[in-house]
Amino acid sequence: MYATEFLDLPPLRAAAGTVRLPGSKSISNRVLLLAALSDGATLIHDLLDSDDTRVMITALKQLGCAVEPQGEALRVTGLGGRLAVREAQLFLGNAGTAMRPLAASLALLAGLHGGRFELGGVPRMHERPIGDLVDALRQIGCQIDYLGNEGYPPLRLAGGQPRVGAPIRVRGDVSSQFLTALLLALPLLSHQGELVIEVEGELISKPYVEITLNLLRRFGVEVARDGWSRFTIPAHSRYRSPGDIHVEGDASSASYFIALGALAADAAAPLRIEGVGADSIQGDIRFVEAAEAMGAQVRQGPNWLEVWRGAWPLKALDLDCNHIPDAAMTLAVMALYASGPTRLRNIASWRVKETDRITAMATELRKLGAGVSEGPDFIEVTPPAAWQPAAIRTYDDHRIAMCFSLAAFNGLAGARPPVPVRILDPKCVAKTFPDYFETLFGVVTTDPADIPVITIDGPTASGKGTLASGVAQKLGYHLLDSGALYRATALAAQRAGIPADDEARLAALAAALPLHFDEQGVWLDGENVTDALRREEVGALASQISAHPAVRCALTGLQLAFRRLPGLVADGRDMGTVIFPDAPLKVFLTASAATRAERRHKQLISKGFSANIDDLLQDLEARDARDRSRSTAPLKPAEDAMSLDNSALSIEASVQQVLDWWQQRRPF
Ligand SMILES: O=C(O)C1=C[C@@H](OP(=O)(O)O)[C@@H](O)[C@H](O)C1
Ligand SMILES: C=C(OP(=O)(O)O)C(=O)O
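Residues numbered from 1 in each chain as written. Chains lettered and ligands numbered in written order. Predicted model: local features only at pLDDT ≥ 70, side-chain atom pairs only at ≥ 80, totals over all residues.

Caption draft 1: Examining the nonpolar core more closely. Counting residues in hydrophobic clusters, the biggest one holds 84 residues, and the most contacted among them are Ile258, Ala262, Ala332, Met334, Phe404 and Leu406. Tallying contributions element by element places helix α7 (residues 251-264) first for this core, with 10 residues. If we skip the residues at most four places from it in the chain, Ala332 touches Leu344, Met361, Leu365, Ile379 and Val381. Core analysis: the next-biggest nonpolar cluster, separate from the first, contains 77 residues, Met56, Ile57, Ala136 and Ile245 among them. (Core = buried A, V, L, I, M, F, W, Y, C linked by C-beta atoms within 7 Å. Buried ≥ 20, exposed ≤ 12 C-beta atoms within 10 Å, placed from the backbone. Helix = DSSP H or I, 4+ residues; strand = E, 2+ residues; numbered from the N terminus. Contact = placed C-beta atoms within 7 Å.)

Dropping the structure here:
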């Protein structure tokens, strides 16, 4: 997950490959709750692991439900419609699929068995309506108090005497989750008799109610329905665990990749999406039809899709999106690539979701240069005449972050030059798709020249590594410690007994180095050599062998391959001069020899090595001289490098200086 302040997407050009979708949020949270209400254990496979499911799982555990991993699956031992814990304060983040169904279930359980529960979430959750559900539950005798504003969480559910009686009326025109919550919870009361729910007002987001009915059936509850206005739960309905249950991939999450295929995949190599397809029980699968109407070509199997570009530019669309409220946001961004204005209608519910999505989409689309008009329940998007680079605010709304990533393909729509897109607070995708950006980067390509590189060159012990990794972390960029490549070559040479002057053999060794980098460090032939590479004699040998042109040449391809999305910070000695001469920001880092000797001394002592500061200083000076004077890639600042002397700077201050320079070069 990118936990950075922002994530800059360089202009993107093409998409190909396979995406495996995370589990459906709507199915995951329903299945978790149904499993908890059932008798016995349910083994849930392919459950979504994200903020929304975590708050649900944590809540169920607080309620005394055993939820534990079993192999790849999650095993939930149900409470069988009873209460194991009678008091709890539950934090439900911003998960509507946790708040609404838990409120209904716990209101009933608190009334039937005696209990007191408080349900709250993030500040935005306390602005998302729940009054219609509370009104419905009060009709049957549940006791519910608002702890903040009337009509909104947080709620207290305590006592009451739920009774089956007249049909329960619930409004359906603000959120379908109120009806879903009642359907999921009311079987708890069905020992008293049949329950009837009547929906008032036009029910929105109907396909989500179909998911609810489908899963209730899987858990043994058959709800009879009369159109979309009357639902009957038979007397003596009981939740019966199906034993094992599989969660299909999330169809709303699929929308970003369906759109991606429509924008940037070729018929010869379509974008393949695995986890949902023609057999999906999620209404958002019908996003496929909307994408097709805009020009996407789609082939589908039971649980996969293959998508590629058909019409280009995309065809403008005028669509009632009530049945696909979440995926429709993706259409608003596809609209940037259309031949004319696209109008998405009947989406009033956007205003009461993670943020006011109509206002937020309009505001952010305009930043890119689009013409946007909006009303209480529609948005109309006219593609930009001139694309603008933009920093997209995401309002803690996962879908805004995800759908706006698709704006980075503006080069395909003729933006000259193509503009980068900045996504602010990218970690908000954790609500439903924590690895969204990693997944995206796995299937998109661009011109390597468009992938930003920051080079940090400088003499030994100047703090390049620390600075580079600090900058990379702030930007979410990859890191190339090119010195490690030379050190690894040196270590491998030492082990293979290749002399330091055998240029040809050293070059052959370097070219085939079985090297691998990950969070744990550097791996050589399956062995973690991170510490071994820091040894003084390895460093000294690296300095010698790195003077051989053939060795440097052998490692060039390896270094260039580090230039991957979303960007790279490369530290070394010739990063700005030789390897990445087109880097948009080059830093030449220095510190006085005395400062560097002191740092190296401290470093060695702290690792338990003995060291003499005068010897270190002499070694450093000798190494500087050798690095500066060698004929291949001598250590010198690139002409366009910014020079930074960090002798008197803290690490944070150096990192900030580089970020400030970077920011000056960004168009945002
Ligand atoms: O029941 C569900 O799982 C959902 C219903 C929809 O909400 P509304 O009914 O409020 O439109 C949808 O937007 C939400 O992401 C999930
Ligand atoms: C509206 C959404 O979420 P929630 O389940 O919290 O309503 C959403 O995921 O787009």
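Continuing now.
Caption draft 2: Representation of the pairing of strand β28 (residues 515-518) within the structure. Alignment of β28 against strand β29 (residues 521-524), held across four bridges, turns out to be antiparallel. Bridge assignment links Asp518 to a residue of β29, and that residue is Gly521. Taking the residues that link successive antiparallel strands as the turn, the β28-β29 hairpin has two residues. (Pairing = 2+ DSSP bridges.)

Caption draft 3: Inspection of the domain arrangement of the protein chain at higher detail. Each domain of the protein chain was delimited in the assignment, giving domain 1 (6-22 + 249-445), domain 2 (25-246) and domain 3 (449-665). Computed from C-alpha coordinates alone, the two centres of domain 2 and domain 3 are separated by 56 Å. (Domains from an automatic or database assignment.)

Caption draft 4: Looking closely at the site of ligand 1. In the vicinity of ligand 1 lie 13 residues, with Ser26, Ser175, Ser176, Ser205 and Tyr208 positioned nearest. Residue assignment for the shell around ligand 1 shows that the elements contributing at least two residues are α3 (96-113) and α5 (177-185). Split by residue class, the shell around ligand 1 holds three nonpolar, nine polar and one charged. In this structure, the shell around ligand 1 is formed jointly by two domains, domain 1 (6-22 + 249-445) and domain 2 (25-246), each of which donates at least three residues. (Near = placed C-beta within 6 Å. Nonpolar A, V, L, I, M, F, W, Y, C, P; charged D, E, K, R; others polar.)

Caption draft 5: Layout of helix α20 (residues 593-606). The terminal C-alpha atoms of α20 lie 20 Å apart, and with 14 residues this matches the ideal 20 Å at 1.5 Å per residue to within 8%. Buried within α20 we find Arg596, Ala597 and Arg600. Down the axis of α20, the buried side of the element spans an arc of 100 degrees, and every buried residue falls inside it. Summarising the geometry of α20, the exposed residues directed more than 90 degrees from the buried face are Ala594, Lys602, Ile605 and Ser606. (Expected span 1.5 Å × (residues − 1). Arc of directions from axis to C-beta.)

Caption draft 6: Broad picture of the UniProt feature "binding site: phosphoenolpyruvate" (unreviewed entry) in the protein chain. Within this numbering scheme, the UniProt entry marks Lys25, Gly96, Arg128, Gln177, Arg357, Arg399 and Lys431 as carrying the feature "binding site: phosphoenolpyruvate" (unreviewed entry). Inspection of the secondary structure puts Lys25 in helix α1 (residues 25-37). Under the C-beta neighbour-count criterion, Lys25 is labelled buried, with 28 such atoms within 10 Å. The buried category is assigned to Gly96, around which 25 C-beta atoms lie within 10 Å. Apart from residues no more than four positions distant in its own chain, Gly96 is found in contact with Arg128 and Gln177. (UniProt positions renumbered as here; feature names shortened; annotations may be inferred.)

Caption draft 7: Broad picture of the environment of Ala14. With respect to the helices, strands and loops of the structure, Ala14 is situated in strand β2 (residues 14-15). For the pair Ala14 and Leu260, spaced 246 residues apart in the sequence, the C-alpha separation amounts to 8.6 Å. Those residues in contact with Ala14 that lie beyond four places of it in its chain are Ala264, Val444 and Thr445.

Caption draft 8: Expanded view of the UniProt feature "active site" (unreviewed entry) in the protein chain. Taken from the UniProt record, the annotation "active site" (unreviewed entry) applies to Asp326. Within the secondary structure, Asp326 sits in the loop between β19 (318-320) and α9 (328-334). According to the C-beta neighbour criterion, Asp326 is buried, with 29 such atoms within 10 Å. Here Asp326 is in contact with Ser252, Asp284 and Arg399, once residues within four sequence places are set aside.

Caption draft 9: Representation of the site of ligand 2. Taken together, Asn94, Ala95, Gly96, Thr97, Asp326, Lys353, Glu354, Arg399 and Thr432 form the complete shell of residues around ligand 2. By residue class, the composition of the shell around ligand 2 is one nonpolar, four polar and four charged. Summarising the domain contributions, the shell around ligand 2 has at least three residues from each of domain 1 (6-22 + 249-445) and domain 2 (25-246).

Caption draft 10: Quick peek at the sheet that holds strand β21 (residues 371-375). Spatially, the four strands line up as an open sheet ordered β19-β20-β22-β21, and their pairing is mixed. Every interior strand has two partners, whereas the edge strands, β19 and β21, have only one. The mean angle between the axes of side-by-side strands here comes to 10 degrees, regardless of whether they run parallel or antiparallel. Bridge analysis of β19 against strand β20 (residues 342-345) gives three bridges, and the strand direction is parallel. The partner of Asp318 across the bridge, within β20, is Arg343. Sheet strands touched by helix α10 (residues 357-367): β21 and β22 (378-382). Its angle to β21, the strand with the most contacts, is close to 165 degrees. (Axes fitted to C-alpha atoms, helices over the stretch in contact; angles between N-to-C directions.)

Caption draft 11: Quick look at helix α17 (residues 536-545). Buried within α17 are the following residues: Val538, Ala542, Ser543 and Ile545. Looking at the packing, one finds that the buried side of α17 touches α14 (482-496), α15 (503-511), α16 (530-533), α18 (549-560) and α21 (613-629).

Caption draft 12: Seen up close, unusual backbone geometry. With an omega dihedral of 0 degrees, the bond running from Trp312 to Pro313 counts as a cis peptide bond. Assignment of secondary structure puts Pro313 in the loop between β18 (304-308) and β19. The peptide bond linking Leu565 to Pro566 adopts the cis configuration, its omega dihedral lying at 0 degrees. Tracing the sequence through the fold places Pro566 in the loop between α18 and β31 (568-572). Phi is positive for Asp46, close to 60 degrees, though the residue is something other than glycine. Structurally, Asp46 can be placed in the loop between β4 (41-45) and α2 (51-62). A positive phi is found at His236, a non-glycine position, where the angle reads about 60 degrees.

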